[in-house]
Amino acid sequence: MALLSLALIAIVGIFHNFATAPPVFAVEEGKEVTHGSVIKLQHERTKFRLHSHEVPYGSGSQQQSVTGFPGVEDANSFWIVQSPSGTEFQQGDAIPNGSIVRLQHVRTHKWLHSHLHQSPISGNLEVSAFGGDEQSDSGDHWKLEIEGAGSVWLRDQKIRLRHVDTNGYLHSHDKKYSRIVTGQQEVCGFSKKTSENIWSAAEGVYFPARSTA
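Now for a quick tour of the structure. All of these numbers come straight from a predicted model, not from anything done at the bench. (Residues numbered from 1 in each chain as written. Predicted model: local features only at pLDDT ≥ 70, side-chain atom pairs only at ≥ 80, totals over all residues. Heavy atoms only, no water.)

1. A closer look at the pairing of strand 10 (residues 159–163)
Moving on, step 1. Most of strand 10 sits out of view: 5 of its 5 residues are buried.
Moving on, step 2. Here strand 10 shows two buried faces, one formed by Ile159, Leu161 and His163 and the other by Arg160 and Arg162.
Moving on, step 3. Two strands pair when backbone bridges link them, and strand 9 (residues 142–146) and strand 10 are joined in this way by 5 bridges, in the antiparallel orientation. By the bridge assignment for strand 10, glutamate 145 is matched with arginine 160. (Buried < 20%, exposed > 50% of the residue type's maximum accessible area, 1.4 Å probe, protein only. Helix = DSSP H or I, 4+ residues; strand = E, 2+ residues; numbered from the N terminus. Pairing = 2+ DSSP bridges.)

Right under this line is the structure:
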C-alpha cells in the first residue's frame, strides 16, 4: 500500500509540474479497475491511448478535444475512474459490469463527455472533455460493458464504454489529424458495436479492491 501511495503522489506532482514527460507507471497492486484508480485506456485495435489536452476543437462544440495518442509515456493520457456524483461508491470499490462511470482527465480536471455534435473527421458523435470538479452532468456518464463473461472490470480486459445520453460507443480508428495534433487519431462516439470500440485498462495506479466484509 505504501508503494501505491508514493506512486500516486508522484503522478499528482507531475501533473502540477509539467516541464518534462513522466515515466510510465504500472503499479501492480491489484487486477481490478476500482473507483479512484488512475488509468490509461488503450484502444484495442490500434493500441493508441485515450488522450486529451488544452486544445479545443475548431468545429462542433469547440470544447477541449479528445484524441488517441500513439505513445505510452504522455501524462495527458491519464484518467481517474469516478462514479457519478451523488452515488455512494468509495475509493477501492470494484466496478461491476453495467455500472455507470465517469472518467476525469487528470491534467485538466475535465470529464470525458459526448453529445450530438459531429466529430471533426468522420462526422460521428463528438467526444470532448468538458466541465470540471464542480461541473458535471449526464453527458459525462458512460456505461461499462465487459466483453465475455466477466462480472467486474479487470485490467487488460476487453470492454466497451457506451455513452448514456447518446447510446454511442467510445470509438476510435486510424483516421488521423493532419494539423494541430498531427499524428493523433480521432476519438468519437459510434452507434454500433465494432472491433474499433473495444478498449482495455493499461498503465496506471490501481487501488486494491476494498473488502466489503
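2. Side note on the side chain of serine 61
Moving on, step 1. Among the secondary structure elements, serine 61 is positioned in the loop between strand 3 (49–56) and strand 4 (64–69).
Moving on, step 2. Within the structure, serine 61 has its side chain in polar contact with the side chain of glutamate 126 (distance 2.4 Å).
Moving on, step 3. With sequence-adjacent residues up to four places away left out, serine 61 is seen in contact with His115, His117, Glu126 and Ser128. (Polar contact = N/O pair within 3.5 Å; in protein donor to acceptor, adjacent residues only side chain to side chain. Contact = heavy atoms within 4.5 Å.)

3. So, the pairing of strand 5 (residues 79–82)
Moving on, step 1. Taking every second residue as pointing to the same face, the buried face of strand 5 carries Trp79 and Val81, while none of Ile80 and Gln82 on the other face is buried.
Moving on, step 2. Alignment of strand 2 (residues 38–43) against strand 5, held across 2 bridges, turns out to be antiparallel. Bridged to isoleucine 39 within strand 5 is tryptophan 79.
Moving on, step 3. As paired strands, strand 5 and strand 6 (residues 100–105) are joined by 4 bridges and run antiparallel to one another. Across the sheet, valine 81 pairs through a bridge with leucine 103, a residue of strand 6.

4. Remarks on the packing of aromatic side chains
Think of a pair of aromatic rings as described by two things: how far the centres are apart, and how the planes are tilted against each other in angle.
Moving on, step 1. Going through the model one piece at a time under the given rule, you end up with 0 aromatic pairs.
Moving on, step 2. Positioned above the aromatic ring of tryptophan 111, the side-chain terminus of arginine 102 is 3.9 Å from the ring centre.
Moving on, step 3. A cation sits over an aromatic face here: arginine 155 above tyrosine 206, 4.4 Å from the ring centre. (Phe/Tyr/Trp six-rings, centres within 6.5 Å; stacked < 30°, edge-to-face > 60°. Lys NZ or Arg CZ within 6 Å of the ring centre and 35° of its normal.)

5. So, unusual backbone geometry
Moving on, step 1. In this model, lysine 47 sits at a positive phi of 70 degrees, which is unusual for a non-glycine residue.
Moving on, step 2. Lysine 47 gets classed as partly exposed once you look at its relative accessible area, which sits at 37%.
Moving on, step 3. Here aspartate 156, not a glycine, exhibits a phi torsion of approximately 65 degrees, which is positive.
Moving on, step 4. Relative to the assigned elements, aspartate 156 resides in the loop between strand 9 and strand 10.

6. Some thoughts on the nonpolar core
Moving on, step 1. By size, the foremost hydrophobic cluster in this structure holds 27 residues, and its most contacted members are Leu41, Leu50, Val66, Leu112, Trp153, Leu161 and Leu170.
Moving on, step 2. Looking at this core, the elements with two or more residues in it are strand 2, strand 5, strand 6, strand 8 (125–130), strand 9, strand 10 and strand 13 (199–205).
Moving on, step 3. Considering every element that reaches this core, the biggest residue donor is strand 9, with 3 residues.
Moving on, step 4. Not counting the four nearest positions on each side in its chain, leucine 170 is found in contact with Leu41, Leu50, Leu112, Val127, Trp142, Leu161, Val187, Cys188, Glu196, Asn197 and Trp199. (Core = buried A, V, L, I, M, F, W, Y, C linked by side-chain atoms within 4.5 Å.)

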